[in-house]
Structures are given as structure tokens and as C-alpha cells.
Amino acid sequence: MGVYVHWPYCARICPYCDFNVVRDRGRTDEQKALADAIVADLVAQRDLTGDQPLLSIFFGGGTPSLMDPAQVARVIDAAKALWRPADDLEISLEANPTDAEADRFAALAEAGVQRLSLGVQALDDASLKALGRNHDAGAARRAIAAATRAFPRLSIDLIYARPGQTDAAWRAELSEAIALGPEHVSPYQLTIEHGTAFDRAVGRGTLVVPDEDLAATLFETTQEVLEAAGFDAYEVSNHARGDAARSRHNLVYWRGRDYVGVGPGAHGRLTLPANPGLGGRAATTAHRAIKDYVAAVAETGVGFERELLTPEEAAEERLVLGLRIDDGVGFDEMAPLSLSPDLPKVRDLVAAGLLADDANRLRATRAGRLVLDRLTGTLAT
């Protein structure tokens, strides 16, 4: 199983972001209370999961690199004490490439973080300004160099299909990013999420994003350039230099394993004991507001609400996530949906070139992954 920790604070709210985030404005007391609640929530959820091997811990947000490194270490130590750490336990943390955050990399590594996921997003100043980022391209390059020195593993995020972006410019930018040496690259198509500042700008006509044809061309360029550089497209928006560079935490999601979610708005998936009215695959959703989350942990021990998934719902979720990765989903896991290799709708998708012709597993082709990318958007994150 894995552990996801949501730290909601950001120095700036990006105009394309629809995650559960708040401005980081000297909320020192609140942050201390939240860290206390996160640790208490972990302790309570240990009673639900039982004794399990711990494959990964992931700090997301928000901007968890703004978190006090001592609190990061405290959460890591708590998780490792509650569950059995795997020999190859992966501990990841998301960061933005500002100079101030890069100065904290050494302390975060000392706290136990081994893998940094760096939100570079672009390598030219005009694009970074348009995306509302609080760093420039020079800071991004410096942060990549600092992360390479501090952490044994580095992943960088990039956004493409940006307003005004050309295929030639994206090809050059992606090549430069590869040359900076990360073992993992996560290139995401810009998705206009409902209710964001970008959504309102598109509605006003002040923001124009690439059409579907150009977006598809940029997707194909992404695959081509990264593949030529030795990166495997093991997931729609994730590319790694070999199996060891793959995100073990994200594979927990995509392979349908259990994971504990703590922090405001965090999601989790737990396989509960087969007690009457309780057993099965359960979805947990933590309270979004920080004060509500902290209060819920104080009152009930956990900060989430729980919903038991039907076998069909659990299989649908497994299918949607599993199709995003290269090994797909076994037909044996799809029994609740009555899916089989000979089903007409499966054969139709194979004939259309969207599914691989595989008698044992449902696997999306590259064309199928492009469709999934358009349909599910930021579900990849």
C-alpha cells in the first residue's frame, strides 16, 4: 500500500489549477495543527488497513516543499513506524523551482525524501508568465541542478498545448528538458478545468488554446522525442528511463493497490475487512477545508468520509486507471463488468486501433492513450 499526504499551501494559486489549495500567508499555528492532525489520522487509519508493506509515501499539494522539513520527517517516521517499509520504499515530494524552495532541498533530503517531483512546467519566461508561475526559466534550471545534487531521483513536470505553442518550439523545449538529466518526465496537456481563472479567460475569449489537431500533434511529438531519448511511456503522461525510474507511488494508483490519504481533500482507497455492511473496496475523501479536517480528526480520529464501492464501481475505476499504463488490466479483474476478449465492443475497439489485440489483458494502444488523455484530463495527476 501507499500513503498520500496532501499539504494545501501555495505561495501563489496558478490560474489553471483546480486542486484543493490555499495561499501560504504566515499560517504558522494552523500549519502546526494540520501536521498534528495528519499524524493522528495516519495512526487511526492503521487500524483500518492492518499490517501492510509500505511501498510509497507521497507528499503532494499544494506545495509540500513549503512544509517545515522537521514536520516532513515527522510524518515519514510515523508512516514507517505504523506499516512495514518495503526494502525499496519510495518517498516523493512535490516542489516548485523557486530559488527559496531550492534552498530547502538539502533539508528535505535529510528528512527522508529520496525523489523530488519538480513543477518546472515550461522553460521559457513568456510561457511561465502566461501560466501564472512564480519562477522564471533560469530559476527552473538552477532548481533542477540543485535537486540533482540533493536527491537520488528526480522527476520534472512540463505543460504543453499552451496558448501560442508550436510543434517546433515544444520539440526544442522538451529536448532541452531531457538534456538537464531527469530520470522521469511527466508532460501534461494543458487542461481547462471548470471554475479556474483559465476557464473564465477562455469564456471571455481572452485565452485561446490549441485546437485538437495541434494538441494531437504535440502529443505525438512528446512520445517521439522522449522515446528517442530512452524514455518508456509507461503511462499516458509519464515517461521513465527504465523500470527503476518509474513512479512507484503512482503505480499504486494505476494498479489498483490500497492507499491511505491524509490531509485536507485527500483521497484514499482501502480494502476493508469482510464484516457485515463494511467489507470491500472503500473510497475515502478527506474534508476539504483545513479547519474541518483538523476538527474531524480531533472528534472522530480520522479526517475523511467513507463510501463503499460496489464491485462494478471498483472495476470501472480499475479499468479507467489501468488503461493508462502500458501493462493495462487483466480480463480476470473485469468480471464485474462482464468484459471479455470476444465481446463485440472490445473487438470494435481493437479493430479501431484503440486497444491492443490481447486475449489476456485490456491494453490501450498509443492512439487509445491519446483518447484517454483527452477524456480523463488531469486524472493522471
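Draft legend 1. Spatial organisation of empty space enclosed by the protein. For the structure shown, the criterion picks out one cavity of 30 Å³ or more. In this structure, the largest cavity occupies an estimated 50 Å³ of space. In this structure, the largest cavity is lined by Phe331, Pro341, Val346, Arg347, Val350, Leu355, Ala356, Asp357, Asp358, Arg361, Leu362 and Arg363. Secondary structure elements with two or more residues in the lining of the largest cavity: helix H13 (344–351) and strand S16 (361–362).

Draft legend 2. A look at helix H6 (residues 137–150). With 14 residues, H6 should reach 20 Å at 1.5 Å per residue; the first-to-last C-alpha distance of 20 Å fits that figure. Ala137, Ala139, Ala140, Ala143, Ile144, Ala146 and Ala147 are the residues of H6 that are buried. Each element contacted by the buried residues of H6 is listed here: helix H3 (99–102), helix H4 (105–111), strand S6 (115–121), helix H5 (125–130) and strand S7 (153–160). If you check the start of H6, you find a side-chain oxygen 3.3 Å away from the backbone N of Gly138, and it comes from Asp136.

Draft legend 3. Up close: a negative patch on the surface. Negative charge collects at one region of the surface, where Glu307, Glu312, Glu313 and Glu316 lie side by side. Top element by residues in the negative patch is helix H12 (residues 311–322). It accounts for three residues. Relative to the elements of secondary structure, Glu313 occurs in helix H12. With a relative accessible area of 32%, Glu313 lands in the partly exposed category.

Draft legend 4. Molecular detail of the pattern of salt bridges. Taken as a whole and assessed by the stated rule, the structure comprises 24 salt bridges. Between Glu90 and Arg153 there is a salt bridge whose closest N-O contact spans 2.7 Å. Here Arg153 lies in strand S7 and Glu90 lies in strand S5 (residues 84–95), a separation of 63 residues in the sequence. Overall, Glu90 belongs to the buried group, its relative accessible area being 0%. Of the charged contacts in the structure, one is a salt bridge between Arg171 and Asp167, with a shortest N-O distance of 3.9 Å. You can see Arg171 and its partner Asp167 sitting in helix H7 (residues 167–179), four residues apart, about one turn around the helix.

Draft legend 5. Region of the structure containing the environment of Asp243. Relative to the assigned elements, Asp243 resides in the loop between strand S10 (238–240) and helix H10 (248–254). Along the sequence, Asp243 and Phe231 sit twelve residues apart, while their C-alpha atoms lie 9.9 Å from each other.

Draft legend 6. Inspection of the pairing of strand S4 (residues 53–61) at higher detail. A large share of S4 lies buried, amounting to seven of its nine residues. As paired strands, strand S1 (residues 2–7) and S4 are joined by six bridges and run parallel to one another. Residue pairing in the sheet places Val3 in a bridge with Ile57 of S4. As judged from the six bridges shared by S4 and S5, these two strands associate in the parallel manner. Within S5, the position partnered with Ser56 by the bridge is Glu90.

Draft legend 7. Spatial organisation of the packing of aromatic side chains. One pass over the full model with this rule turns up six aromatic pairs. Consider the rings of Tyr253 and Tyr259, whose centres lie 4.6 Å apart with planes at 65 degrees: the pair is edge-to-face. Assessed through its relative accessible area of 18%, Tyr253 is described here as buried.

Draft legend 8. Layout of the environment of Met334. Secondary-structure assignment places Met334 in the loop between strand S15 (329–330) and H13. Spatially, the C-alpha atoms of Met334 and Ala315 are 6.0 Å apart, while their sequence positions differ by 19 residues. Dropping the residues within four chain positions of it, Met334 is found in contact with Ala315, Arg318, Leu319, Val329, Leu339 and Leu362.

Draft legend 9. Representation of the nonpolar core in the model. Formed by 84 residues in total, the largest nonpolar core has its most connected members in Phe59, Phe105 and Leu118. If you tally residues by element for this core, the top one is helix H2 (residues 69–82), at seven residues. Dropping the residues within four chain positions of it, Phe105 is found in contact with Ala95, Leu116, Leu118, Ala143, Ala146, Ala147, Ala150 and Phe151. Ranked by size, the runner-up nonpolar core spans 13 residues in total, among them Ala315, Phe331, Leu355 and Ala364.

The rules behind each value
- Every residue gets a number counted from 1 within its own chain, in the order that chain's sequence is written.
- Totals for whole chains, interfaces and linings use every residue, but because this is a predicted model, local features are given only for residues with pLDDT of at least 70 and side-chain atom pairs only at 80 or more, for both listing and counting.
- In computing side-chain properties, one takes all heavy atoms of the structure into account and sets aside hydrogens as well as water.
- Put simply, the grid is 1 Å and covers the protein atoms alone, a cavity is a trapped set of points that fit a 1.4 Å probe, a pocket is an open set with protein on both sides within 12 Å along at least five of seven lines, and lining residues have an atom within 4 Å of a point.
- Grid points are joined across faces, edges and corners, and a volume is the space filled by probe spheres set on the points.
- Secondary structure elements are taken from DSSP: a helix is a run of H or I of four residues or more, a strand is a run of E of two residues or more, and numbering for both begins at the N terminus.
- An expected span of 1.5 Å times one less than the residue number is assigned to each helix.
- The buried label goes to any residue with under 20% of its type's maximum accessible area, the exposed label to any with over 50%, and the partly exposed label to all in between, with areas taken from a 1.4 Å probe on protein chains only.
- Should any heavy atoms of two residues lie within 4.5 Å, those residues are counted as being in contact.
- Counting of polar contacts relies on pairs of N or O atoms within 3.5 Å, with two restrictions inside protein: one atom must be capable of donating a hydrogen and the other of accepting it, and residues adjacent in sequence are counted only when both atoms are side-chain atoms.
- Patch membership needs two things, relative accessible area over 30% and no salt bridge, and members are linked within 9 Å if like-charged or within 5 Å if nonpolar (Val, Leu, Ile, Met, Phe, Trp, Tyr).
- In this description, accessible areas are obtained by the Shrake-Rupley approach with a 1.4 Å probe, and a residue is regarded as covered only by the protein chains that are shown.
- Criterion for a salt bridge: a side-chain nitrogen of Lys or Arg within 4 Å of a carboxyl oxygen of Asp or Glu.
- We count Lys and Arg on the positive side and Asp and Glu on the negative side, and we leave His and both chain ends out.
- All charge positions are set by atom: Lys at NZ, Arg at CZ, Asp at CG, Glu at CD.
- Two strands qualify as a pair provided DSSP detects at least 2 bridges between them.
- Ring pairs shown here join Phe, Tyr and Trp side chains whose ring centres sit within 6.5 Å, with only the six-membered ring taken for Trp; geometry is labelled stacked below 30 degrees between planes, edge-to-face above 60, and tilted in between.
- By nonpolar core is meant a set of buried Ala, Val, Leu, Ile, Met, Phe, Trp, Tyr and Cys residues that side-chain atoms within 4.5 Å join together.

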